[in-house]
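Notes for the structure review
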Amino acid sequence: MEVILKDGVRKKYEQPMAIIDIAKDISEGLARMACAAELDGEVVDLRTEIDGEHQLNILTFDSEGGKAAYRHTASHVLAQAVKRLYPEAKCAIGPSIEDGFYYDFDMESLDRETLDKIEKEIKKVIKEGAVLERFTLPRAEAIEFMKERQEPYKVELIEDLPEDAEISFYRQGEFVDLCAGPHLMTTKPLKAVKLISSSGAYWRGNEKNKMLTRIYGTAFTKKADLDAYLEHLEDIKKRDHNKLGRELELFTTVDVIGQGLPLLMPKGVQVIQTLQRWIEDEEEKRGYMRTKTPLMAKSDLYKISGHWEHYKEGMFVLGDEEKDKEVFALRPMTCPFQYYVYKASQKSYRDLPCRYGETSTLFRNEESGEMHGLTRVRQFTISEGHLIVRPDQMVSEFKDCIALARYCLQTLGVEEDVTYHLSKWDADNREKYIGEPEVWEATEESIRQILIELDIPFTEDVGEAAFYGPKVDINAKNVYGKEDTMITIQWDALLAEQFDMYYIDEKGDKVRPYIIHRTSMGCYERTLAWLIEKYAGAFPTWLSPEQVRVLPISEKYIDYAAKVEEELKANGIRCSLDNRSEKIGYKIREARLQKTPYMLVVGQKEEEDEVVSVRSRFRGDEGQQSLEQFINDICREIRTKEIRQVELEAEA
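This write-up is about the structure you can find in this document. Going along each chain's sequence as written, the residues are numbered from 1 onward. Only residues with pLDDT of at least 70 are given local features in this predicted model, and only at 80 or more are side-chain atom pairs given and counted; all residues enter the totals for whole chains, interfaces and linings. Working from all heavy atoms in the structure, the side-chain values ignore hydrogens and water.

1. Re the sheet that holds strand β34 (residues 611–616)
Two strands form a pair only when DSSP identifies at least two bridges running between them. Numbering of helices and strands runs from the N terminus, with a helix taken as a DSSP run of H or I at least four residues long and a strand as a DSSP run of E at least two residues long. Strands sit in the order β32-β31-β33-β34-β35 across an open sheet of five strands; the sheet is mixed. Of all the strands in the sheet, just β32 (575–577) and β35 (620–626) have a single pairing partner and so form its edges. With strand direction ignored, the average angle separating the axes of adjacent strands in the sheet is 25°. Direction of pairing for strand β31 (residues 548–552) relative to β32: parallel, over a ladder of three bridges. Counterpart to V548 in the pairing with β32 is C575. Whether two residues touch is decided by their heavy atoms; if any such pair falls within 4.5 Å, the residues are in contact. For helices, the fitted line uses only the C-alpha atoms of the stretch in contact; every axis is such a line through C-alpha atoms, and the angle between N-to-C directions lies from 0 to 180 degrees. Helix α17 (residues 558–570) rests against β31, β32, β33 (598–602) and β34 of the sheet, and its axis sits at about 170° to β32.

Below you can see the structure in the form of structure tokens.
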């Protein structure tokens, strides 16, 4: 038996060996640090016995696979602690996740005091240093085994497996869990384990199932690393758009209005309105024609497009097909509406491309468990567009759509925060898609070559395409690490046929066009959430709902302050005057808490010299300037959409 290690070294053995024993043979220190192994590219348990020739890489906590095994073991320790303290709790699932782990239990909801109690029990379990033993059972025996232990959720999971499946378990002390692994050899290596929070989670993510209690935790090999992570979590809480957006009065939600239906407040509307005007102006420069189409349509329209068959569950349907003569649905997209704008008059090959843009309000019936703040809602507004093009124009127009998206990302200062994905169809799930395999393969290859030519790194995601075509998804993560699609550009070679769309070519023949479905910046609500978290509420000046606050030192200077405010507004600068009878330090602190980019302090000297004292969140006290100079500078900053960096923290 021979293994080839990561550095190319070959090691030969006379008989089959468990990976942990190979690790010990290499180095006792490595064996102590080992969490799992990568065997021929697959992450496996250290208990795995191997024979023959293999590529082998021992994984420590410094690797993703090692972290996953380490934290997966921590989740089992959590479950063991919970079962000791609350024997009636039923175990569901407990995987490792990107920054830690969680475990779902059928039990009462938990407060922080209870989590602390469970943490103490976790420390006791770890100190016992139980060895984790892996064993397997045939499916029928596994079901009976978990029934005897009164774990109905485990029974359900096993029953979903094939009849001939061999089911694996891990035992540590008195606790046994259904699990595929991998795991640490014992609980001893677990050092810094912390329970972060608890929340509700539907069994199997389905809102029709029972709500379980999910406990989130994390684990590190060093307390210092845990402390740094907890500090990072505190920063995340400060940036969370759900919290910060409410504090800054950008949006709110109300139970009686409904989940996923946020109310944008005046400041939030100001940000979105600024974004919308910018996008619409930019699209107009690039040859887009604006449309305005209905918020609903008869089911007939969606049956032509295929949405009724492929997307009906995600739509708000108004009426009953069995009872009502006409059934309507709120639109989840704008494309079929804009197709009829195109079809309203006959088009020649000279008329193409036709670039239609619309600031579209859309509706999607999201699952209640999926909705979150502004990032996933049931009503949202999107910078939607559809390009009807000749086949020979498709590649250049698709590139231009990517260029527009990248320009938007650069301007917003978020280009470095995104990843690109080629979202492909799933050939093994044919009923989900329309069109023939050769069309899908050709269009996917076209997008692949465009991304390669543009030197854009990307990953390929099977099964993420729209039902009518592949797409480029530009994704970003929120502060909690969850990834959302921000911008989409789709290649559609199929729907023109279903809507009988054509143009007359140079020979006088009818020809089917291609269609590009795209957003330039995506969903305005989601983008607002993204920007809140990116800038911790301190938007670039051009986007700030309030760009300047004028602060008179006392009531004696309110008249001069009002003149300053009037001049600012005359130059299109969003500003306000704080004329309250408060101390200037208080006014400055409050303006800073509201993330106002600039404060203009005015008193006797400023009034006499007809100047303003400028304070900013970028450099603190910037000294006195003439009002004319300040207006020139800030107007240039707004016009160029400059993103100023904080050079020093302003005084508290």
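2. Looking at the sheet that holds strand β21 (residues 328–330)
Paired through backbone hydrogen bonds, the strands of a sheet run either parallel or antiparallel to each other. Within the open sheet, the three strands sit side by side as β19-β21-β20. Their pairing is antiparallel. Each end of this open sheet is capped by a strand with a single partner; those strands are β19 (296–298) and β20 (317–318). As defined by bridge partners, β19 adjoins β21 across three bridges and the pair is classed as antiparallel. The partner of K298 across the bridge, within β21, is F328.

3. With respect to the environment of V614
Counting through the fold element by element, V614 comes out in strand β34. Buried, partly exposed and exposed residues are distinguished by accessible area as a fraction of the type maximum, computed with a 1.4 Å probe on protein chains only: under 20%, between the cut-offs, and over 50%, respectively. The exposure class assigned to V614 is buried, which follows from its relative accessible area of 1%. Sequence separation of V614 and V601 is 13 residues, and the distance between their C-alpha atoms is 6.5 Å.

4. What to know about the side chain of E121
Assignment of secondary structure puts E121 in helix α4 (residues 112–128). Exposure remark for E121: the relative accessible area of 12% places this residue in the buried category.

5. With respect to the pairing of strand β25 (residues 458–462)
Taken residue by residue, a regular strand's side chains alternate between the two faces of the sheet. As judged from the five bridges shared by strand β24 (residues 418–424) and β25, these two strands associate in the parallel manner. Counterpart to H421 in the pairing with β25 is T459. Every crossover in which the path from the first strand over the helix to the second runs clockwise, viewed with the strands pointing away from the viewer, is termed right-handed. Handedness of the crossover is the feature at issue here: the chain leaves β24, passes through helix α14 (residues 437–453), returns alongside β25, and the resulting connection is right-handed.

6. Thoughts on the pairing of β24
By the criterion of burial, β24 is predominantly enclosed, with six of the seven residues buried. Of the strand pairs in this sheet, β24 and strand β26 (residues 471–477) are connected by six bridges, and their pairing is antiparallel. Looking at β26, one finds that L422 is bridged to V472.

7. Brief notes about empty space enclosed by the protein
If you roll a probe as big as a water molecule over the atoms, it shows you where there is empty space left. Using a 1 Å grid laid over the protein atoms alone, points where a 1.4 Å probe fits but cannot get out form a cavity; open sets with protein on both sides within 12 Å along at least 5 of 7 lines form a pocket; any residue with an atom within 4 Å of a point counts as lining. Grid points are joined across faces, edges and corners, and a volume is the space filled by probe spheres set on the points. Inspection of the entire model under this criterion finds one cavity of 30 Å³ or more. In this structure, the largest cavity spans a volume of roughly 80 Å³. Considering the residues around the largest cavity, the lining is formed by T375, A476, K477, N478, K482, D484, M486, R526, A529, W530 and E533. Those elements that provide at least two residues to the lining of the largest cavity are β26, β27 (483–492) and α16 (524–534). Here the lining of the largest cavity takes four residues from α16, the largest share from any one element. Throughout, the ten residues Ala, Val, Leu, Ile, Met, Phe, Trp, Tyr, Cys and Pro are labelled nonpolar, Asp, Glu, Lys and Arg are labelled charged, and all others, Gly among them, are labelled polar. Here the residues of the lining of the largest cavity are counted per class, giving four nonpolar, two polar and five charged.

8. Observations concerning the nonpolar core
One finds L275, F398 and L412 to be the most contacted residues of the largest nonpolar core, which totals 50 residues. Broken down by element, the residue count for this core peaks at nine residues, all from helix α13 (residues 394–412). Membership of the second largest hydrophobic core comes to 38 residues, among which are V77, L195, L233 and I236. The set of buried Ala, Val, Leu, Ile, Met, Phe, Trp, Tyr and Cys residues whose side-chain atoms join them within 4.5 Å is what this entry labels a nonpolar core.

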